Amino acid sequence: MLLGFAIVLLTASSLAYLLERNANPDAFGSIPAALWWGIVTMTTTGYGDVVPQTAAGRVLGGVLMIGGILVFALWAGIIANGYAHELRRREFLRTWELVAKVPFFHNIGAALIAEVAQLLRPRDFPAGAVIMRRGAAGDRMYFIIDGEVEVQLASQTVVLGIGQFFGELALLTGAPRNATVVAVESCTLLALDIVDFHGLLGRHPELARIIREEAEQRLSGGPEPQLAEPALAIDESA
Ligand code: CMP
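Residues numbered from 1 in each chain as written. Predicted model: local features only at pLDDT ≥ 70, side-chain atom pairs only at ≥ 80, totals over all residues. Heavy atoms only, no water.

**Student:** Hey, could you run me through helix H3 (residues 31-42) in this one?
**Tutor:** Taking 1.5 Å per residue as the helical rise, H3 with its 12 residues ought to reach 16 Å, and the 15 Å between its terminal C-alpha atoms agrees with that figure. Where H3 is concerned, the buried positions are Ala34, Trp37, Gly38, Val40, Thr41 and Met42. The inward-facing, buried residues of H3 abut helix H1 (2-20), helix H2 (25-28) and helix H4 (55-101). For H3, the N-terminal cap is Ser30; the gap from its side-chain oxygen to the backbone nitrogen of Ala33 is 3.1 Å. Downstream of H3 by a residue or two, Thr44 has a phi angle that is positive, lying close to 55 degrees. (Helix = DSSP H or I, 4+ residues; strand = E, 2+ residues; numbered from the N terminus. Expected span 1.5 Å × (residues − 1). Buried < 20%, exposed > 50% of the residue type's maximum accessible area, 1.4 Å probe, protein only. Contact = heavy atoms within 4.5 Å. Polar contact = N/O pair within 3.5 Å; in protein donor to acceptor, adjacent residues only side chain to side chain.)

Below, the structure written as structure tokens:
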């Protein structure tokens, strides 16, 4: 950016020298002298102590003012973008650490964890927060990183803890949510949006198999899942 700034400044000042040196030899008698006008104009400071006299010199001044605004806008954009990039990187590292902790993802390897970490968004819920309501449309599923949630079915209540997941049924079947899920204590979850859910399951059949098996068990009212580690670890030999 500084180099770009210097090139535009030097070019404009050189042109101003060529256009103005006869009409205004005091201020534009040399390129270094014209640089003062160039920098005052380009930064849109506009002291007004040096003003171009010729029509071409004024046109050049106008172009340089607008160029100066564009250069600073670009500069602000680059800084803001770099800041946002750094924030995204930190967020990714945090998500990566969280994903790596989930037993569900233990055996899938670092490359897949990195892929999954880009798709999952950490969400914190305070105790008592309603995470999803029965009858609502399914838009995402959650993996539990920390804390416990209560799944309030029509007939019973099930508590799910660290490493387990919920909200997958509506995504798999397209039906409305079959339970209301409430945070028992403050909890940290990783959310997977429906589009990413289908993409991920399409790319990784072993993940799809585990989630489908668990979903079928839940739909059939089979034994409630225990805390996830043994139940959800991926069997690579399968
Ligand atoms: P979904 O229907 O999308 O939203 C409510 C969620 O509660 C559901 O997906 C399951 O993830 C979860 N759920 C439903 N039934 C059970 C169950 N029997 N045991 C554990 N979780 C369940």
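So much for the structure itself; the text now carries on.
**Student:** Hey, could you run me through unusual backbone geometry in this one?
**Tutor:** With the exception of glycine, most residues fall at negative phi, and the peptide bonds are largely trans. Residues other than glycine seldom take positive phi values, yet Thr44 does so here, at roughly 55 degrees. Structurally, Thr44 is set in the loop between H3 and H4. Here Thr44 falls in the partly exposed class, since its relative accessible area comes to 44%.

**Student:** Would you take a moment to explain the packing of aromatic side chains for this structure?
**Tutor:** Enumeration according to the criterion identifies eight aromatic pairs in this entry. For the pair Trp36 and Tyr47, a centre-to-centre distance of 5.9 Å together with 15 degrees between the ring planes defines the contact as stacked. Of the two residues, Trp36 is situated in helix H3 and Tyr47 in the loop between H3 and H4; the sequence distance between them amounts to 11 residues. A relative accessible area of 58% means that Tyr47 is categorised as exposed. (Phe/Tyr/Trp six-rings, centres within 6.5 Å; stacked < 30°, edge-to-face > 60°.)

**Student:** Teacher, can you tell me more about the nonpolar core here?
**Tutor:** Considering soluble globular proteins, one finds that nonpolar side chains tend to be buried as a cluster. One finds Phe104, Phe105 and Phe143 to be the most contacted residues of the largest nonpolar core, which totals 26 residues. Contributing elements (two or more residues each) for this core: H4, helix H5 (110-119), strand E3 (140-146), strand E8 (187-193), helix H7 (194-203) and helix H8 (205-219). In terms of residues, this core owes the most to one element, H5, which gives five residues. (Core = buried A, V, L, I, M, F, W, Y, C linked by side-chain atoms within 4.5 Å.)

**Student:** What am I meant to see in the sheet that holds strand E4 (residues 149-152) here?
**Tutor:** Within a sheet, adjacent strands bond to each other through the backbone by hydrogen bonds, running parallel or antiparallel. With respect to topology, four strands assemble into an open sheet ordered E2-E7-E4-E5, the strand pairing being antiparallel. Edge positions in the sheet fall to strand E2 (130-132) and strand E5 (157-160), since each of these pairs with one other strand and no more. Pairwise comparison of adjacent strand axes, ignoring direction, gives a mean angle of 30 degrees for this sheet. (Pairing = 2+ DSSP bridges. Axes fitted to C-alpha atoms, helices over the stretch in contact; angles between N-to-C directions.)

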